[in-house]
Amino acid sequence: LHSFPTRRSSDLPDTELVVWPENAVVPDILQHYYRSDEPYRHALVRWLLSYIDGKTCAFVLGNNHAGSDGRNGNAVLYFQPGKNVDPPRPPVYTKMRLVPFSEGKLSPGSRPVLFSVAGFPFVTPVCFEDTFPLQVRRLVAKEAALIVNLSNDSWSYSRACQKQHLAMAAFRSAENDLPSIRSTASGETCVIDRRGKVVSLLPAFEQGFLTAKVPLSPRRTVTLYQMTGDGPVQAALFLTVFLFLAAFFCHWNKKQK
């Protein structure tokens, strides 16, 4: 399996999957394919789909996509040349957990979506969705063999922000015993193994693409975190509060006596 954030990568002959980052394509592909009232966007979408359909590998890309309510959503589209590109009929995952304030005008998705490449299912949390353990746990369930994250943290203008986001993404691999691919517009594009170790990385705020082999296996085991979620942490927090209150009242009772 291969992951790339730029189109040059798809020219490599053994590529199976190309991953472009969040909002890699701004015009709504499914709308502007048919609309000609905006000639530039219509032509751009037609050119893009022609390019993808001329390849032999699948494409995952971020796109602004209008939902059934007419409001735009932050979406992931999955194209397979010769199958669903022209006319475009890709499966779509729409970001379910939106960033407060900055994505307030967007429409959130309502359900997880499972994609598949070479017989291996994968999920695509968008940007900061992978910082929420329970969100990724819900997306992964028992079927996924891979986590593919599409991100764009360029708004921060900060290398520290890129590294902080990457650090949180590493935990999602370890919690779910799954490798991760991160394709980002600003950093850090990388591959993370199932133990949470970054095995291949591009530097932040530099143009380029990453080629990597990612070993995949069918999902056969369920991790402790997938079974319990945050239950043990919540129990520990409750016990801590209980012991604190018990100690406080014991101390207060002694003083009263």
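Structure: above.
Residues numbered from 1 in each chain as written. Predicted model: local features only at pLDDT ≥ 70, side-chain atom pairs only at ≥ 80, totals over all residues. Heavy atoms only, no water.

Chemist: Mind showing me how you'd approach the nonpolar core here?
Modeler: Generally speaking, soluble globular proteins have nonpolar side chains that are buried together. Ranked by size, the top nonpolar core spans 30 residues in total, and within it Val60, Tyr78, Tyr93 and Phe122 carry the most contacts. Among the elements that make up this core, the one with the highest residue count is strand β7 (residues 146-151) (4 residues). Setting aside residues no more than four positions away along its own chain, Tyr93 makes contact with Asn74, Ala75, Val76, Arg111, Pro112, Val113, Phe115, Thr124, Val126, Glu129, Gln135 and Leu139. Residues Val25, Leu48, Leu49 and Leu61 belong to the second largest nonpolar core, which totals 17 residues. (Core = buried A, V, L, I, M, F, W, Y, C linked by side-chain atoms within 4.5 Å. Buried < 20%, exposed > 50% of the residue type's maximum accessible area, 1.4 Å probe, protein only. Helix = DSSP H or I, 4+ residues; strand = E, 2+ residues; numbered from the N terminus. Contact = heavy atoms within 4.5 Å.)

Chemist: What exactly am I supposed to notice about the side chain of Thr124 here?
Modeler: Position of Thr124 among the secondary structure elements: in the loop between β6 (120-123) and α3 (133-140). Discounting chain neighbours no more than four positions away, the residues touching Thr124 are Val60, Val76, Tyr93, Phe115, Val148 and Leu150.

Chemist: Before we go on, may I ask you to explain the environment of Phe128 in this structure?
Modeler: Position of Phe128 relative to the elements: it lies in the loop between β6 and α3. Along the chain, Phe128 and Trp47 lie 81 residues apart, while their C-alpha atoms are 30 Å from each other. Excluding residues within four positions of it along the chain, Phe128 makes contact with Lys95, Arg97, Leu98, Val99, Pro100 and His165.

Chemist: Teacher, can you tell me more about the packing of α3 against helix α4 (residues 159-176) here?
Modeler: Packed helix pairs are characterised by how far apart their axes lie and by the angle those axes make with each other. Their axes nearest at 10 Å, the elements α3 and α4 cross at an angle of 50 degrees. Comparing their axes, α4 and α3 come out oblique. The interaxial crossing formed by α3 with α4 has right-handed handedness. Together, Pro133, Val136, Arg137 and Val140 of α3 and Arg172, Glu175 and Asn176 of α4 make up the contact between the two elements. Here the contact of α3 with α4 is composed, by residue class, of 3 nonpolar, 1 polar and 3 charged. (Axes fitted to C-alpha atoms, helices over the stretch in contact; angles between N-to-C directions. Parallel < 35°, antiparallel > 145°, perpendicular 65-115°, else oblique. Left-handed = near helix turned anticlockwise from the far one by under 90°. Nonpolar A, V, L, I, M, F, W, Y, C, P; charged D, E, K, R; others polar.)

Chemist: Just to check I follow, could you spell out a nonpolar patch on the surface for this structure?
Modeler: Together, Leu237, Val241, Phe244, Leu245, Phe248, Phe249 and Trp252 give the surface a local cluster of nonpolar side chains, amounting to about 760 Å² of exposed area. Relative to the helices and strands, Leu237 resides in helix α6 (residues 231-256). You can call Leu237 exposed: its relative accessible area is 56%. (Patch = residues over 30% accessible without salt bridge, like charges linked within 9 Å, V, L, I, M, F, W, Y side chains within 5 Å. Areas by Shrake-Rupley, 256 points an atom, 1.4 Å probe, with all protein chains shown as cover. Salt bridge = Lys/Arg side-chain N within 4 Å of Asp/Glu carboxyl O.)

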